[in-house]
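Now for the letters of each chain:
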Amino acid sequence: MRRYGLLVLLTLLFCIEGNAQKNISDYPYVVVPAFFEFLKEPDQYQMNSLTKFLLNKEGLNAVFETELPNIPRCDALWADVELSPGFIWTRTYVILKDCNGNEVYRSGEGRSKFKEYKKAFQHSLRNAFEIFDPSAAVLDTASEISTTPKTLPASEKEKEAPESVTVVSSEVAPKIGSSNATYVYGDYTLKALEGGYSILYKNEKIGELVPTARPNNFLAKTSMFNGIGYIVDQGIIIEREVEGMVELVPMKFEMVKN
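Rules and cut-offs
Residues numbered from 1 in each chain as written. Predicted model: local features only at pLDDT ≥ 70, side-chain atom pairs only at ≥ 80, totals over all residues. Heavy atoms only, no water. Helix = DSSP H or I, 4+ residues; strand = E, 2+ residues; numbered from the N terminus. Pairing = 2+ DSSP bridges. Core = buried A, V, L, I, M, F, W, Y, C linked by side-chain atoms within 4.5 Å. Buried < 20%, exposed > 50% of the residue type's maximum accessible area, 1.4 Å probe, protein only. Contact = heavy atoms within 4.5 Å. Salt bridge = Lys/Arg side-chain N within 4 Å of Asp/Glu carboxyl O. Axes fitted to C-alpha atoms, helices over the stretch in contact; angles between N-to-C directions. Disulfide = S-S within 2.5 Å.

Visitor: Now, about the environment of Asn203: what can you tell me, with residues and values included?
Guide: Relative to the helices and strands, Asn203 is located in the loop between β9 (196-201) and β10 (204-211). Sequence separation of Asn203 and Leu190 is 13 residues, and the distance between their C-alpha atoms is 9.9 Å.

Visitor: Please give an account of the pairing of strand β7 (residues 182-185) that cites residues and values.
Guide: Here β7 runs beside strand β8 (residues 188-193); their pairing, made up of 4 bridges, is antiparallel. What sits directly across from Tyr185, in β8, is Tyr188. Of the pairings in the sheet, the one linking β7 to strand β14 (residues 249-256) comprises 3 bridges and is antiparallel in character. By the bridge assignment, Thr182 is partnered in β14 with Val256.

Visitor: Any chance you could break down the nonpolar core for me, citing the residues and the numbers?
Guide: Counting 34 residues, the largest nonpolar core has Ile24, Leu55, Leu77, Leu96, Leu125 and Phe132 as its most contacted members. For this core, the elements supplying multiple residues, two or more each, are β1 (29-32), α2 (47-57), β2 (62-64), β3 (76-85), β4 (90-97), β5 (103-106) and α3 (117-130). Residues in contact with Ile24, not counting those within four places in the same chain, are Leu60, Leu77, Leu96, Tyr105, Phe132, Asp133, Pro134, Ala136 and Val138. Counting residues in hydrophobic clusters, the runner-up holds 16 residues, among them Tyr197, Ile199, Ala220 and Ile236.

Visitor: Give a description of the pattern of salt bridges that names residues and reports values.
Guide: This structure, assessed with the given rule, holds 12 salt bridges. Here Lys97 makes a salt bridge to Asp80, at a shortest N to O gap of 3.5 Å. Highlighted residues: Lys97 in strand β4 and Asp80 in strand β3, separated in sequence by 17 residues. Residue class for Lys97 comes out partly exposed when judged on its relative accessible area of 25%. For the salt bridge of Arg91 with Glu109, the shortest nitrogen-to-oxygen distance reads 3.0 Å. Taken together, the positions of Arg91 in strand β4 and Glu109 in the loop between β5 and β6 (110-112) put the pair 18 residues apart, joining distant regions of the chain. A relative accessible area of 15% places Glu109 in the buried class. Here the residues in one salt-bridge network are Lys57, Arg126 and Glu241, joined through shared partners.

Visitor: Describe the sheet that holds strand β13 (residues 235-240), listing the residues and the values that go with them.
Guide: Read around the barrel, 8 strands follow the order β7-β8-β9-β10-β11-β12-β13-β14 and close on themselves; strand pairing throughout is antiparallel. Going from strand to strand, the sheet's axes swing by 30° on average, the running direction of each strand aside. With 6 bridges joining them, β8 and β9 adopt antiparallel strand pairing. When the bridges of β9 are listed, Ala192 appears paired with Tyr197.

Visitor: Pulling in residues and values, what's your account of the state of the cysteines?
Guide: Inspection of every chain in the model, using the stated rule, returns 1 disulfide. Each disulfide pairs two cysteine sulfurs, and for Cys74 the partner residue is Cys99, the sulfurs being separated by 1.8 Å. With the S-S dihedral at roughly 75°, the linkage between Cys74 and Cys99 falls on the right-handed side. Of this pair, Cys74 sits in the loop between β2 and β3 while Cys99 sits in the loop between β4 and β5, and the two are 25 residues apart along the sequence.

Visitor: Help me get a handle on the pairing of strand β12 (residues 226-232), residues and values and all.
Guide: Within β12, 6 of the 7 residues are buried, which leaves the element mostly enclosed by the surrounding structure. Judged from the 5 bridges that link them, strand β11 (residues 217-222) and β12 form a sheet pairing that is antiparallel. Within the sheet, the bridge partner assigned to Phe218 lies in β12 and is Gly229. The hairpin turn running from β11 into β12, its antiparallel successor, is 3 residues long. Across 6 bridges, β12 lies against β13 in antiparallel orientation. Following the sheet pairing, Val232 is matched in β13 by Gly235.

Coordinates in, geometry out; function isn't part of it.
The following block contains the structure:
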């Protein structure tokens, strides 16, 4: 009888654990696609790279699908971005799905009044992440997603960013990590590595440009700032985060001959 009671208790505990609701942060990976449906080409306006960067900033382990380790697909969440340009507002939501494509989390609405596509898309995405909750529970797919989104503070500030720079296609861009290529921006230096670059400040290494799934696009990870980088016809641009700014601030590195 005692053995029977113990068996029942263990069964109940197993059922409770199996039915326990998981949070976003419980998943080891969040997979970011190389292409969003509202874009015309992969990682246009660096939207996919920026999504990965902002998910990592929230403490999640965001990867492109090509970087996902050999694990069951259902052990990861799958990210998507829903964006709707309008006459006044560009509205954006960050969405997480399960391995079957079912929506299990939707952020509040990020908005932007910028008219230029790149500024509007990046600004509204960053605002959506201001109300993104990495500790939120992943909804049961049988449940309905809440239709009452959170709103941004009325005091939201919008700051103009410098004009965008045309990105060079991977076919004509300089080969990454070739020879001893060096790029300079003020006291900052980029030195070529295999597949990426070291980032130095006054000749002291502070981090690296880490390649992403899209050729010649990077994530900048340093002890001083974080951001995204890409090759342009004049050199390399790193768009870095600056406290108090809603837009990423560009750093234009120019090649120097050794």
